[in-house]
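Analysis of the macromolecular model
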Amino acid sequence: MDLNPPQFSRFVHDGLEIAYFDVGNRSGDPILLIHGFGSSANVNWVFPGWVKALGEAGYRVIALDNRGHGASSKPYDPSLYHPPQMAGDAVALLGHLGIGDAHVMGYSMGARISAFLALGHPHRVRSLIFGGLGIGMVTGVGDWDPIAGALLAPSLEDVTHERGRMFRAFADQTKSDRQALAACISTSRDLLSVEDVGRIEAPVLIGVGTKDDIAGSAQELAALMPHAAALDIPGRDHMLAVGDRVFKKAVLEFLAEVGRR
């Protein structure tokens, strides 16, 4: 396993073409990876070394490009980007591959999608790992409306909103379809209630960088769930926490512990 992009395949769900890869030990426990807003399976999971680390630990590693991202279809209709629909793509991928249940790991928007997946399809989830999203899953993560404007602005130089500049620069760097991302950001932020989060029965690990000003507290979110633990990722902000060694080590230990139960 290396850091080079694996070969992607495609299937159709909800009228959209979804790109994914399926690598690693076919007889190992499957783990499904769901990336964050404006990212992709490669940017979120391959390049930061997650696929390599999980593959070397013996897991079957599956990741998809969310609708609107990467090599998947990019509709411009905001009504197609609510988290339950995006979770539906992930569940459909497990069905497409003949996998009954899997560990599910999501980062940022991917963590929100993973939570909706666990609520809508609890029997498909062995465990959950939320990265880059804590209590903001319930309380919100601030004003993101300027981000849509930043994505649609003529150029980065036209964007003055600080967080908008960050995401616009990231979208430019990844050569994303900015109109699709603007549609996605407008509807993909549906919140979960305290009661919803409390109904998640699977074991959960929540990792948030100590310098992350977007995610909200991992500890506060963990306290709402019956089987959750929080992890501080030292010195990392929202963009840098995803590939952190402390995070990887904790995730591998968490998965091994779940596997022993």
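In what follows, the structure referred to is the one given above.
What you see is a predicted model, and the numbers here were worked out from it, not measured in a lab. (Residues numbered from 1 in each chain as written. Predicted model: local features only at pLDDT ≥ 70, side-chain atom pairs only at ≥ 80, totals over all residues. Heavy atoms only, no water.)

Quick word on the packing of aromatic side chains
For any two aromatic rings, the description comes down to two numbers: the centre-to-centre distance and the angle of the planes. The condition is simple: The rule is short: rings of Phe, Tyr and Trp, with Trp giving its six-membered ring, pair when the centres are within 6.5 Å, and they are stacked under 30 degrees, edge-to-face over 60, tilted in between. In this text, helices come from DSSP runs of H or I with a minimum length of four residues, and strands from runs of E with a minimum of two, each type numbered from the N-terminal end. Partly exposed describes any residue whose relative accessible area lies between the buried limit of under 20% and the exposed limit of over 50%, with all areas from a 1.4 Å probe on protein chains only and scaled to the type maximum. When the NZ atom of lysine or the CZ atom of arginine is within 6 Å of a ring's centre and also within 35 degrees of its normal, the charge is said to sit over that ring.
Taken as a whole, this structure holds five aromatic pairs when the rule is applied. Note on Phe8 and Phe21: the rings are 5.3 Å apart at their centroids and 90° apart in plane angle, and the pair reads as edge-to-face. One end of the pair, Phe8, is in the segment before strand E1 (9-13); the other, Phe21, is in strand E2 (residues 16-24), and 13 residues separate them in sequence. This pair shows no difference in class: Phe8 is buried, exactly as Phe21 is. Taking the centre distance of 5.9 Å and the plane angle of 75° together, the rings of Phe11 and Tyr20 count as edge-to-face. The same class applies to Phe11 and to Tyr20, which are both buried. Following the ring pairs from residue to residue traces out a cluster consisting of Trp45, Trp50 and Phe247. The cationic tip of Lys248 hangs over the ring face of Trp50; the distance from NZ or CZ to the ring centre is 5.6 Å.

A look at helix H6 (residues 145-152)
Formally: Relevant arc is that of directions from the helix axis to the C-beta atoms, nothing else.
Taken together, the buried positions of H6 are Ile147, Ala148, Ala150 and Leu151. The arc that holds every buried residue of H6, seen down its axis, measures 160°, which confines them to one face. Turned more than 90 degrees away from the buried face of H6 sit Asp145 and Leu152, all of them exposed.

As for the nonpolar core
Counted only if it meets this: To form a nonpolar core, buried Ala, Val, Leu, Ile, Met, Phe, Trp, Tyr and Cys residues must be joined to one another through side-chain atoms within 4.5 Å. Here, residues are in contact when the closest pair of their heavy atoms is within 4.5 Å.
Ranked by internal contacts, the top residues of the largest apolar core, which has 62 residues, are Leu32, Phe37, Phe130 and Ile206. In terms of residue count, the dominant contributor to this core is helix H4 (residues 109-120) (eight residues). Discounting chain neighbours no more than four positions away, the residues touching Phe37 are His69, Met109, Trp144, Ile147, Leu151, Phe167, Phe170, Leu181, Cys184 and Ile185. Core analysis: the next-biggest nonpolar cluster, separate from the first, contains 29 residues, Phe8, Val61, Leu205 and Ala241 among them.

Quick word on the pairing of strand E3 (residues 30-34)
Two faces, one strand: in a regular strand the side chains alternate between the faces of the sheet. The cut-off we apply is this: Only strands joined by at least two bridges in the DSSP assignment are considered to pair.
Within E3, five of the five residues are buried, which leaves the element mostly enclosed by the surrounding structure. Taking every second residue as pointing to the same face, both faces of E3 are buried, with Pro30, Leu32 and Ile34 on one and Ile31 and Leu33 on the other. Two strands pair when backbone bridges link them, and E3 and strand E4 (residues 60-64) are joined in this way by five bridges, in the parallel orientation. Residue pairing across strands places Ile31 opposite Val61, the latter belonging to E4. For E3 and strand E5 (residues 102-107), the ladder comprises four bridges, and the chain directions are parallel. When the bridges of E5 are listed, Leu33 appears paired with Met105.

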